[in-house]
Amino acid sequence: MSLAFARPAPRWPGRLGSTVAWKNLLADERPRLALWLAVALGAGVLVYFALPTEPPPAARWLAPPLLLLALWLGARRPIAGLMAGWVAAGALGFALAAWQAGRQPPMLEPPRTATILSGRVAEVELLPEGRRVTLDAPHFDDGPAQPRRVRVRLKAQDPAQPAPGDQLRLRAMIRPPGAPTHPGGWDFQRAAFFSGLGGNGYALGMAEVTAGEETPFFAGLRSTIEVRVTTALPGAVGAIAAALMTGGQSAIPAPDLAAMRDSGLAHLLSVSGLHIVAVMGLAFALVRLGFALSMRMPGKAIAATAALVLGAAYMLLTGAQVPMQRSFAMAAVTTLALLAGRRALTLRGLALAAAGVVVIQPAAILGASFQMSFAAVLALIAGWDWMRPRLPMAGPRAAWRRRLVLAAFGVVATSLLAGLATLPFSLHHFGRLQLYGVLANAVAVPLTTLLVMPAAMLAALLMPFGLEALALVPMGLGVEATLAVAHAVAGWPGATLTMPPIPAWGLGLCSVGLVWLCLWRTGWRLAGVPLLALGLASGAMDRPPDLLISGDGRLIAMRAGDGLFLQKASGAASLVRESWQRLHGAGTAETLPREGELAGGVLRCHVGACLLQPGLAHPTAILLRGDSPAEACGSAAVVISAEPVRGPCLAHVVDRFAVWRNGPHAIWLEPQGVQVVSDRAHRGERPWVPPVPIPRGLTSAAPLAVAD
């Protein structure tokens, strides 16, 4: 086997202190400078969401003059014009985010008691038990139509089978989207604000369904495919098969969803690049083969157009989620590049796709889906660009061996690159590390690409003729094998490690480091490595709160030593508990004892209260378990209670009234004093943050007078 090595990319161009070195550096990096426009666009969006209050409307109009300035400079001094373009792109991202927030309807205030809910069915989601429907323009108690959608879970035994376009009426409890589980946690209200969702709830009675006059095409098609797939393939296999075809994951049983997550295969359930490549690639090959056999002509352009049309339809069918938007944009750029005889996968194509998604949905940049999707593809493209000239090139006699070795290497390297690139985002959002994801993906990805997705496409083509079972059977076998791999890998010792999540500033360092490492091509790209290392280590540097109080006061957590201890009241949300455990990097949380000492006396409990003091130099916190003894206010720096604390108190009080007004609280006991942060103080005054609640019968949000 003869091997030849290509020349590597240019390295660090000498001493950067000289003018010549800087000119050489800019000359080498010139093709990559434009890529930073997409980064600047996203940075402008992040600046908008980081503000504590809404910016003045005039701030939205900074972008046009800055863009004109960049164009004027670019015609005279290209580098200066490009730098001005970065500033203009940031201003444009800021303006797009502010404009999108300004055009959203206000948040709903659903009735506090049971209501008669009615509206037009927009979506129907299958659950492991029952259905969940989303209503357009809902009415509360026959009142006016509301500007936001409402999602409600039907009773498991409800025989109604609503379809998109039907009219639905039922008695239900509706609540607005919940606040973050803790200050700095994922903002459910912000996500709902930009998605158009106004409330969630559950049915108290059976639903009344009236057939609609018109059915939304893609929503109706999605519902039909889900029903027919789950009928042919019952259980978890059918739910996963339906998820791969329609994008809906709500019907997958929790144990199987956890196995896919813990084995590192959860990305297969999120319809994205792998799936759209299989669909569009198969469509391209079949159409081109048909032209070659019937008309004796290549038909490359027609096949590419057909693949794009089918890819767009698949994106709309699956709900046009962020990974699919990115994947379709990349697929469109790739297809056009192939038709023009250019390289298919490039960083410029990825930058265009990222900019397109940010322009359409600026708020998407805050989600794990956007971040992990683009990070993985960025690392794959940059990694292969770096490895391509360094890989050995086999001679013609060993072509099949080279292809076989490169195929195996490609599967492993792809999983490794994508896993490393998404690691910071996985740690930040989920606090989990899957150790065997590369091995699981080495089996499951080829299985999904070569069997599951082609069978899914064939099943969709056969559905109009009622013959989908012919394709769903092999698809089910592939899904069953993938699920078996997930359960086997998830069951291995140490398959998933729970780690302290990296904070937002650490994720920012990782993001800058990853982009710096991947976008530049000369030696100074290596400056991104220490940024990545520091960002990954930030989880160990960040100290989680010593105390947490949920927004309803039903759950209170105290950190003592390496343990997390909870006081739970009836109705405490498991979602909040799991989120707090991830925040502290704790696999489990123990219940606060009725009496006793924990963590070497750091936490001491008796019948009436629990006292927490992390160290002799630290202030003390008291958790009250009943009445409010006066001595607690004089002996502690902070007093917390699930009930209202009556009477004057010298200590800082976080009680039921405090969390009702300002949401969840986080408390740090530092030698310098007590730091108390409420969710309202952390998020500021933004359109998605509800105003301070007003007690019934009052017209002012001023605090209540202290009772004698």
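Everything numeric in this text was worked out from a predicted model, so none of it was measured. (Residues numbered from 1 in each chain as written. Predicted model: local features only at pLDDT ≥ 70, side-chain atom pairs only at ≥ 80, totals over all residues. Heavy atoms only, no water.)

Participant: What's the story with the pairing of strand β11 (residues 563-568) in this structure? I'm lost.
Facilitator: Residues in a regular strand project their side chains so that they alternate between the two faces of the sheet. Examined bridge by bridge, strand β10 (residues 555-560) and β11 share six bridges and lie antiparallel to one another. Within β11, the residue paired with Met558 across the bridge is Phe565. Bridging between β11 and strand β12 (residues 590-591) involves two bridges; their strand directions are parallel. By the bridge assignment, Phe565 is partnered in β12 with Glu590. You can see the chain leave β11, run along helix α19 (residues 574-583) and come back into β12, and the turn it takes is right-handed. (Pairing = 2+ DSSP bridges. Helix = DSSP H or I, 4+ residues; strand = E, 2+ residues; numbered from the N terminus. Right-handed = clockwise from strand over helix to strand, strands pointing away.)

Participant: It is not clear to me how the packing of helix α6 (residues 217-232) against helix α10 (residues 300-317) should be interpreted in this structure. Could you clarify?
Facilitator: For the pair α6 and α10, the least separation of the axes is 9 Å and the interaxial angle reads 80 degrees. In terms of orientation, α6 lies roughly perpendicular with respect to α10. Between α6 and α10, the contacting residues are Phe218, Leu221, Arg222 and Ile225 on the first element and Ala313, Leu316 and Leu317 on the second. Looking at the contact of α6 with α10, its residues break down into six nonpolar, no polar and one charged. (Axes fitted to C-alpha atoms, helices over the stretch in contact; angles between N-to-C directions. Parallel < 35°, antiparallel > 145°, perpendicular 65-115°, else oblique. Contact = heavy atoms within 4.5 Å. Nonpolar A, V, L, I, M, F, W, Y, C, P; charged D, E, K, R; others polar.)

Participant: Any chance you could explain the pairing of strand β1 (residues 115-126) here in plain terms?
Facilitator: Taking burial as the measure, the twelve residues of β1 include nine buried ones, the bulk of the element. Direction of pairing for β1 relative to strand β2 (residues 131-140): antiparallel, over a ladder of eight bridges. In the strand pairing of β2, Val121 is matched with Leu135. (Buried < 20%, exposed > 50% of the residue type's maximum accessible area, 1.4 Å probe, protein only.)

Participant: How do you make sense of the state of the cysteines when you look at a structure like this?
Facilitator: Summed over the entire model, instances satisfying the criterion amount to one disulfide. The side chain of Cys605 participates in a disulfide bridge whose partner is Cys610; the two sulfur atoms lie 2.0 Å from each other. Its S-S torsion of approximately 110 degrees makes the covalent link between Cys605 and Cys610 right-handed. Of the two residues, Cys605 and Cys610, both sit in the buried class. (Disulfide = S-S within 2.5 Å.)

Participant: Sorry, what's going on with the layout of surface pockets here?
Facilitator: Any empty space left between the atoms is revealed when a probe the size of a water molecule rolls over them. Size it by volume and the second largest pocket reaches roughly 1,800 Å³. Lining the second largest pocket are 46 residues, with Pro176, Pro177, Gly178, Ala179 and Gln189 sitting closest to its centre. Listed by contribution, the elements that provide at least two residues to the lining of the second largest pocket are β4 (167-175), α5 (188-195), α19, α21 (656-662) and α22 (679-683). Broken down by element, the residue count for the lining of the second largest pocket peaks at five residues, all from α21. Class assignment of the residues belonging to the lining of the second largest pocket gives a composition of 27 nonpolar, eight polar and eleven charged. (1 Å grid on protein atoms, 1.4 Å probe; cavity = no way out; pocket = protein on both sides within 12 Å on 5 of 7 lines; lining within 4 Å. Points joined across faces, edges and corners; volume = space filled by probe spheres on them.)

Participant: Would you take a moment to explain empty space enclosed by the protein for this structure?
Facilitator: Per the counting criterion, the structure on display carries two cavities of 30 Å³ or more. Lining the largest cavity are Ile240, Leu244, Met260, Leu268, Leu269, Thr448, Val452, Val479, Thr482 and Leu483. For the lining of the largest cavity, the leading source of residues is helix α16 (residues 469-490), giving three residues. Residue composition of the lining of the largest cavity, by class: eight nonpolar, two polar and no charged.

Participant: Help me understand helix α8 (residues 254-262) in this model?
Facilitator: One turn of an α-helix holds 3.6 residues; hence residues three or four places apart share an orientation. Listed in full, the buried residues belonging to α8 are Asp256, Ala259, Met260 and Asp262. Taken together, the buried residues of α8 touch α7 (235-246), β7 (432-434), α16 and β8 (496-498). Directly beyond the C-terminal end of α8, a positive phi value near 80 degrees is found at Gly264.

Participant: Explain the pattern of salt bridges here, please?
Facilitator: Pairing of side chains with opposite charge becomes possible as their charged atoms draw close. Tallied over the full model, the rule gives 14 salt bridges. In this structure, a network of salt bridges that share partners links the residues Arg120, Glu123, Asp136 and Arg149. (Salt bridge = Lys/Arg side-chain N within 4 Å of Asp/Glu carboxyl O.)

Participant: Can you walk me through the sheet that holds β11 in this structure?
Facilitator: Neighbouring strands of a sheet are bound in pairs by backbone hydrogen bonds; such pairs are parallel or else antiparallel. Strand order across the open sheet formed by six strands is β12-β11-β10-β9-β19-β20, with mixed pairing between neighbours. If you trace the sheet from one side to the other, it starts and ends with β12 and β20 (673-678), each paired once. Relative to β10, strand β9 (residues 547-549) is paired through three bridges, and the arrangement is antiparallel. Residue pairing in the sheet places Ile549 in a bridge with Ile556 of β10.

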